Amino acid sequence: MEYINNTLKYNYSNGIIGGINNKIKVIKQIAFGFRCFYHFKNRILITQNLAKIKIA
């Protein structure tokens, strides 16, 4: 009962983290052929708008 009261009392949710984890899992499935972890990590950062694509 205490957990239900806390859910109604506070406005916290794990939805944002769950969505980010889901995006990473989808990228992981699509990027099965990536040769190195560096490219995989960059793909995640770009999709989360934490890094920009460098255009030469």
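Treat the numbers as computed from the prediction; the structure is a model and nothing was measured. For every chain, the first residue of the written sequence is number 1, and numbering continues from 1 onward in sequence order. Only residues with pLDDT of 70 or above have their local features reported here, since the model is predicted, and side-chain atom pairs are shown and tallied only from 80 upward, although totals for entire chains, interfaces and linings are computed over all residues. As a convention, hydrogens and water are excluded, and side-chain values are obtained from all of the structure's heavy atoms.

Engineer: Quick question: what am I supposed to make of the environment of Phe34 here?
Structural biologist: Only DSSP runs of H or I with at least four residues qualify as helices, and only runs of E with at least two residues qualify as strands; both kinds are numbered from the N terminus onward. Relative to the helices and strands, Phe34 resides in the loop between helix H2 (15–30) and helix H3 (37–47). Burial classes follow relative accessibility: with a 1.4 Å probe on protein chains only, a residue under 20% of its type's maximum area counts as buried, one over 50% as exposed, and anything between as partly exposed. Judged by its relative accessible area of 34%, Phe34 falls in the partly exposed class. Contacts are residue-level and defined by heavy atoms, with any inter-residue pair within 4.5 Å sufficient. Setting aside anything within four residues of it in sequence, one finds Phe34 in contact with His39, Phe40 and Arg43.

Engineer: Honestly, unusual backbone geometry in this entry has me stumped. Any pointers?
Structural biologist: Most peptide bonds are trans, and most residues other than glycine sit at a negative phi. In this model, Asn49 sits at a positive phi of 60 degrees, which is unusual for a non-glycine residue. The residue Asn49 is located in the segment after H3 in this model. Judged by relative accessible area, Asn49 falls into the exposed class, the value being 70%.

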